[in-house]
Amino acid sequence: MHQHTSDIREAPVKDIMTKRVFTVHKDTSIQDLLMLFEKHDVSDFPVVDDEGKFLGDVHERDLLMLAVEPRYLDEHRLIGIFGTRLNESFFAESVKDLMKEHDVTVKPDTPTEEAVLEMWKAGLRCIPVVDDGKLVGIISEADVIDKVVTRLKHVKPKD
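For the pairing of strand S2 (residues 44–48), give the residues involved together with the corresponding values.
Among the five residues in S2, five count as buried, and that is most of the element. Residues Asp 44, Pro 46 and Val 48 line one face of S2 and the alternating positions Phe 45 and Val 47 line the opposite face, and both faces are buried. The sheet contact formed by strand S1 (residues 24–25) and S2 spans two bridges and is parallel. Following the sheet pairing, His 25 is matched in S2 by Val 48. Two elements, S2 and strand S3 (residues 54–59), share five bridges in a ladder whose sense is antiparallel. Residue pairing in the sheet places Val 48 in a bridge with Phe 54 of S3. Remark: five residues form the turn of the hairpin made by S2 and S3, two consecutive strands paired antiparallel; Gly 52 in that turn has positive phi of roughly 85°.

For helix H5 (residues 112–122), give the residues involved together with the corresponding values.
Listed in full, the buried residues belonging to H5 are Thr 112, Ala 115, Val 116 and Met 119. Down the axis of H5, the sector holding all buried residues measures 100°, keeping them to one side. Here the buried face of H5 lies against helix H1 (6–10), strand S5 (126–131), strand S6 (134–140) and helix H6 (141–153). Among the residues trailing H5, Gly 123 stands out with phi positive, at a value near 70°.

Explain the confidence of the model for the protein chain to me, and be specific about the residues and the numbers.
With 82% of its residues at a pLDDT of 70 or more, the protein chain shows a mean pLDDT of 82. At the low end of the mean pLDDT range in the protein chain sits helix H3 (residues 75–82), at 50; at the high end sits S1, at 95. Note that pLDDT drops below 50 for residues 82–89; the model gives that stretch twelve contacts with residues more than four away or on any other chain.

Explain the environment of Phe 54 to me, using residue names and the numbers behind them.
By secondary structure assignment, the location of Phe 54 is in strand S3. Put simply, Phe 54 and Glu 101 are 47 residues apart on the chain and 9.3 Å apart in space, counted from C-alpha to C-alpha. When sequence neighbours within four positions are dropped, the list of residues in contact with Phe 54 reads Pro 46, Val 47, Val 48, His 102, Asp 103, Val 104, Thr 105 and Pro 128.

Could you give me a rundown of the packing of aromatic side chains, with the residues and numbers involved?
Under the counting rule described, the total for this entry stands at one aromatic pair. Ring centres of Phe 37 and Phe 45 lie 5.0 Å apart, and the angle between their planes is 50°; on these two criteria the pair is classed as tilted. For Phe 37, a relative accessible area of 8% puts it in the buried group. Among the residues examined, Phe 45 registers a relative accessible area of 1% and is labelled buried.

Quick one: what's the story with the side chain of His 102, residue by residue and with numbers?
Mapped onto the fold, His 102 is located in the loop between strand S4 (100–101) and H5. Side chain to side chain, His 102 and Asp 57 meet in a polar contact 3.2 Å long. Setting aside its immediate chain neighbours within four residues, His 102 contacts Phe 54, Leu 55, Gly 56, Asp 57, Leu 124 and Pro 128.

Break down the sheet that holds S2 for me, citing the residues and quoting the values.
Strands sit in the order S1-S2-S3-S4 across an open sheet of four strands; the sheet is mixed. At either margin of the open sheet sits one strand with a lone partner, and together these are S1 and S4. Lying over the sheet, helix H2 (residues 30–40) contacts S1, S2 and S3, oriented at roughly 130° with respect to S2.

Calculation criteria
- Residues numbered from 1 in each chain as written.
- Predicted model: local features only at pLDDT ≥ 70, side-chain atom pairs only at ≥ 80, totals over all residues.
- Heavy atoms only, no water.
- Buried < 20%, exposed > 50% of the residue type's maximum accessible area, 1.4 Å probe, protein only.
- Helix = DSSP H or I, 4+ residues; strand = E, 2+ residues; numbered from the N terminus.
- Pairing = 2+ DSSP bridges.
- Arc of directions from axis to C-beta.
- Contact = heavy atoms within 4.5 Å.
- pLDDT = per-residue confidence, 0-100.
- Phe/Tyr/Trp six-rings, centres within 6.5 Å; stacked < 30°, edge-to-face > 60°.
- Polar contact = N/O pair within 3.5 Å; in protein donor to acceptor, adjacent residues only side chain to side chain.
- Axes fitted to C-alpha atoms, helices over the stretch in contact; angles between N-to-C directions.

Structural data, given as structure tokens:
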């Protein structure tokens, strides 16, 4: 099956990326973030600062950290689960409390295979595509999977 997807692996991310990117500011409230997830029907937002600089991202799965109410956790459980540092996300009020900070980006001409490897290495579901410091798109696992699945649906099985 790998031979059928070689062109996808070699394709520059600009051919696969999502070009219409919605961002959130690091100070966006959790309530506003929830509305934005619903409004834009996306699972991830790049997070930017006041100058529009990419800081990281917030994925809808990051909202899981809000599923545990602090009053149900005693100090022993917190230390056992989180080590000696209390995770601030349990008291999140804005995106900066939930987001995953990183500076992993790719350029538009980066081969898709390289972008996927970067996602895996960094534990990310998507990576911003940046050209001359400007966010021009996002390449996500879903973008790549869609291309692979579409391609493999058209492969005739060997008899």
